[in-house]
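So you can see what is in the structure, the chains are spelled out below.
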Amino acid sequence: MLRIGLTGGMGAGKSTVSKILESRGAVIVDSDKIAREVVEPGTEGLAALVAAFGDDILAADGSLDRAALAAKAFVGDEERGKLNSIVHPLVGKRTAELIAAAPADAVLVQDIPLLVENGLGPLFSLVIVVFVDAEERVHRLVEHRGVPEKDARARISAQATDEQRRAAADVWLDNSGPPGTIDAQVNALWDERLVPFERNLSSGKWSLSVPELVPADPEWPAEAQRLIGRLQVACGASALRIDHIGSTSVPGLPAKDVIDLQITVADLATADKLAEPLHKAGFPRKTHVTADNPKPPYGVGGEADPGVWEKRLHGNADPQRPINAHIRVVNWPGQQFALAFRDWLRANPEIRDEYSAIKREAAANAGRFTDHSEAVAAYLSVKEPWFDHAYPRVMEWAAAQEGRP
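Every value quoted in this text rests on a predicted model; they were computed, and no experiment measured them. (Residues numbered from 1 in each chain as written. Predicted model: local features only at pLDDT ≥ 70, side-chain atom pairs only at ≥ 80, totals over all residues. Heavy atoms only, no water.)

**Here's the deal with the overall build of the protein chain**
A tally of helices and strands in the protein chain yields 15 helices and nine strands. Its C-alpha atoms give the protein chain principal-axis dimensions of about 80 × 40 × 40 Å. Taking the intrachain contacts of the protein chain between residues at least 6 apart in sequence as the baseline, contacts between residues at least 24 apart amount to 71%. For the protein chain, the exposed area adds up to about 19,000 Å²; of that, 53% sits on carbon and sulfur atoms. (Helix = DSSP H or I, 4+ residues; strand = E, 2+ residues; numbered from the N terminus. Contact = heavy atoms within 4.5 Å. Areas by Shrake-Rupley, 256 points an atom, 1.4 Å probe, with all protein chains shown as cover.)

**Description of a positive patch on the surface**
On the surface, a cluster of positive charge is made up of Lys19, Lys33, Arg36 and Arg66. Here arginine 66 lies in helix H4 (residues 66-73). (Patch = residues over 30% accessible without salt bridge, like charges linked within 9 Å, V, L, I, M, F, W, Y side chains within 5 Å. Salt bridge = Lys/Arg side-chain N within 4 Å of Asp/Glu carboxyl O. Lys, Arg positive; Asp, Glu negative; His and termini not counted. Charge placed at Lys NZ, Arg CZ, Asp CG, Glu CD.)

**A word on the pattern of salt bridges**
Under the defined criterion, the tally for this structure stands at 23 salt bridges. Arginine 80 is paired through a salt bridge with aspartate 77; the nearest N and O atoms lie 2.5 Å apart. Separated by three residues within a single helix, arginine 80 and aspartate 77 lie in helix H5 (residues 77-101), roughly one turn from each other. Classification of aspartate 77 as exposed rests on a relative accessible area of 61%. (Buried < 20%, exposed > 50% of the residue type's maximum accessible area, 1.4 Å probe, protein only.)

**With respect to the side chain of threonine 248**
As for its position among the elements, threonine 248 is in the loop between strand E6 (241-245) and strand E7 (259-265). Within the structure, threonine 248 has its side chain in polar contact with the side chain of histidine 244 (distance 2.9 Å). In this structure threonine 248 touches Trp220, Ala255, Lys256, Val258, Ile259 and Asp260, once residues within four positions along its chain are discounted. (Polar contact = N/O pair within 3.5 Å; in protein donor to acceptor, adjacent residues only side chain to side chain.)

**Overview of the environment of aspartate 162**
Its place among the elements puts aspartate 162 in helix H8 (residues 162-168). It is 17 Å that separates the C-alpha atoms of aspartate 162 and aspartate 111, two residues lying 51 residues apart in sequence. Filtering out sequence-adjacent residues up to four positions away, aspartate 162 remains in contact with Phe131, Arg137 and Trp172.

**Digging into the packing of helix H3 (residues 44-53) against H5**
Between H3 and H5, the least distance of the axes is 10 Å, while the angle of their chain directions is 165 degrees. In terms of axis orientation, H3 runs roughly antiparallel to H5. For the pair H3 and H5, the sense of crossing is right-handed. Note on element contacts: H5 touches H3 through Glu79, Lys82, Leu83, Ile86, Val87 and Leu90, opposite Glu44, Gly45, Ala48, Leu49, Ala52 and Phe53. In terms of residue class, the contact of H3 with H5 is built from eight nonpolar, one polar and three charged. (Axes fitted to C-alpha atoms, helices over the stretch in contact; angles between N-to-C directions. Parallel < 35°, antiparallel > 145°, perpendicular 65-115°, else oblique. Left-handed = near helix turned anticlockwise from the far one by under 90°. Nonpolar A, V, L, I, M, F, W, Y, C, P; charged D, E, K, R; others polar.)

**A look at unusual backbone geometry**
Positive phi, close to 70 degrees, is recorded for asparagine 331, a residue that is not glycine. Structurally, asparagine 331 can be placed in the loop between strand E9 (323-329) and helix H13 (333-347). By relative accessible area, asparagine 331 is classed as exposed at 56%.

**Side note on the sheet that holds strand E5 (residues 171-174)**
With respect to topology, five strands assemble into an open sheet ordered E2-E3-E1-E4-E5, the strand pairing being parallel. Sheet topology places strand E2 (27-30) and E5 at the edges, where each strand pairs with a single neighbour. For this sheet, the mean inter-axis angle between neighbouring strands, taken without regard to orientation, is 20 degrees. Note: strand E4 (residues 126-131) against E5, four bridges, orientation parallel. (Pairing = 2+ DSSP bridges.)

**Observations regarding helix H6 (residues 134-145)**
Spanning twelve residues, H6 covers 15 Å between terminal C-alpha atoms, matching the ideal 16 Å at 1.5 Å per step. Looking only at H6, the buried set comprises Arg137, Val138, Arg140 and Leu141. On an axial view of H6, the arc spanned by its buried residues comes to 165 degrees, and they lie on one face. Packing partners of the buried residues in H6 comprise helix H7 (149-157) and H8. Among the residues trailing H6, glycine 146 stands out with phi positive, at a value near 70 degrees. (Expected span 1.5 Å × (residues − 1). Arc of directions from axis to C-beta.)

**Comments concerning the sheet that holds E7**
Taken in spatial order, the four strands make up an open sheet running E6-E7-E9-E8, and their pairing is mixed. Where the open sheet ends on each side, the last strands, each with one partner, are E6 and strand E8 (312-314). Across the sheet, the mean angle separating the axes of adjacent strands is 25 degrees when strand polarity is ignored. Pairing between E8 and E9: three bridges, direction antiparallel. Looking at the pairing, arginine 312 lines up with isoleucine 327 of E9.

**With respect to the UniProt feature "binding site: ATP" (unreviewed entry) in the protein chain**
As annotated by UniProt and renumbered to match this structure, "binding site: ATP" (unreviewed entry) occupies Gly11, Ala12, Gly13, Lys14, Ser15 and Thr16. If you trace the backbone, glycine 11 turns up in the loop between strand E1 (2-8) and helix H1 (14-24). Classification of glycine 11 by relative accessible area gives buried; the value is 11%. In this view, glycine 11 contacts Arg137, Arg140, Leu141 and Arg145; residues no more than four positions away in its chain are not counted. (UniProt positions renumbered as here; feature names shortened; annotations may be inferred.)

See the structure below:
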């Protein structure tokens, strides 16, 4: 099951996006609808709200007067916390029931207004944010929903900022235009990303990376952090640390548009046990890769032993975000080299230029081939010899930084 998180500021149009996705075949779990369901007349939720906020939050027919509740619950952090402590557990229980009832191959979209505020992004394979400027959202709430302007501004100010939502977003849907203009964005998202993503996830396939260079993207670090969050949820305590490594972790360095990450574990047995949870989280294993190329002996020696260069490698089922998630054993040379190499490049502009020239040569070599496997092999045939020579330089530099001989 592919689980997608959908969020956005109040009045941004999440329900519009949900309806389009549902019409295309997505299973929608709407937190707002569930929140209304769990406080209907006769429920334990409504009884708890009355006990906490008073009888005057009820309408004449005994149902919840949502405007009256909002006027009390959104005046400060303490009141809002009281509301959340009552409603959230009930919503969570009902949400779990709906997810359990969904088909195993579903594209399941959870519409969660406070996804960013509650730090829920790592629980989803993708987070979609629907954006509309705050002032326009106030206008829509007042004009189309009849919300008093004061209440609308209070609710919006209590939610995440646009900057916080952008940091959490894998997909940013701008819904600022007139009705209907967002439809094409959502349909393209469904056809070009969500359906292929679910198909890859079901079949254990990962997105392929093209061995060609692109200019450094300032969004790479933020993307890496979102991926690290998801990997951490999947790995739990088995991951001793997870780091952004490789060229996309070095500011200003042209690179293949592939996010390299390193999951450090205690041993290879732990790495193998992570294969299933990582696959379920959207990161299937690349079974054809079981080790890095050993580097020449350095220092104490033993680095050329193939056994200490073993690793496991996972990709990403998301067709629009290729990654390499390397699982390496703590203190083995490959694990140490990946971190030291990143820091070496960050600290030495002249080395970045040297490496950039090698990468351009490798990309040009790969460009002579149309077959993907041949192109990758041609790319690596240029880089790997350079890495052999770079390895002792990197490790000597790392030792000097730590004051070791």
